[in-house]
Amino acid sequence: MSEQRLDNIESKLAHLEHALQQLDDSVFQQSRQIDGLQRSCRELTERLRELASKKDEGGGAHDEPPPHY
């Protein structure tokens, strides 16, 4: 195999390794973001359930007329 051809292959391999590392970093960051969004979604869902159960129990402040009535 010629020296020039070997250099080209090594250069392409280096570029591919760099691209792979960038993709790996992106996937890792997106995974962390997804975890955070899932956590937020669970918290919001739980909060909505709490508010709905309070409303069903009649404990909601929206059932009372405002003080100026």
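So, here is what we can say about the structure in this document. The shown structure was predicted, so the numbers you read here are calculated from the model rather than taken from an experiment.

Reading guide: rules and limits
- Residues numbered from 1 in each chain as written.
- Predicted model: local features only at pLDDT ≥ 70, side-chain atom pairs only at ≥ 80, totals over all residues.
- Heavy atoms only, no water.
- Helix = DSSP H or I, 4+ residues; strand = E, 2+ residues; numbered from the N terminus.
- Buried < 20%, exposed > 50% of the residue type's maximum accessible area, 1.4 Å probe, protein only.
- Expected span 1.5 Å × (residues − 1).
- Patch = residues over 30% accessible without salt bridge, like charges linked within 9 Å, V, L, I, M, F, W, Y side chains within 5 Å.
- Areas by Shrake-Rupley, 256 points an atom, 1.4 Å probe, with all protein chains shown as cover.
- Salt bridge = Lys/Arg side-chain N within 4 Å of Asp/Glu carboxyl O.

### Examining the overall build of the protein chain
Here is step 1: Looking only at helices and strands, one finds one helix and zero strands in the protein chain.
Here is step 2: Out of the 69 residues in the protein chain, the part that is buried amounts to 1%.

### Some remarks on helix H1 (residues 3-56)
Here is step 1: The terminal C-alpha atoms of H1, which comprises 54 residues, lie 79 Å apart, in line with the 80 Å expected from a rise of 1.5 Å per residue.
Here is step 2: At the exit of H1 stands Gly 58, carrying a positive phi of roughly 85°.

### Things to note about a nonpolar patch on the surface
Here is step 1: Among the surface-exposed residues, Met 1, Leu 6 and Ile 9 lie close enough to one another that they form a single nonpolar patch of about 320 Å² accessible area.
Here is step 2: Tracing the backbone shows Met 1 in the segment before H1.

### Things to note about the pattern of salt bridges
Here is step 1: Tallying each qualifying case throughout the model produces one salt bridge.
Here is step 2: Arg 47 is the partner of Glu 50 in a salt bridge, and the nearest nitrogen-oxygen pair spans 3.5 Å. Within this pair, Glu 50 and its partner Arg 47 are both found in helix H1, separated by three residues, close to a single helical turn.
Here is step 3: When its relative accessible area of 34% is taken as the criterion, Glu 50 is described as partly exposed.
Here is step 4: A residue is classified by how much of its surface remains accessible, and Arg 47, at 41% relative accessible area, is partly exposed.

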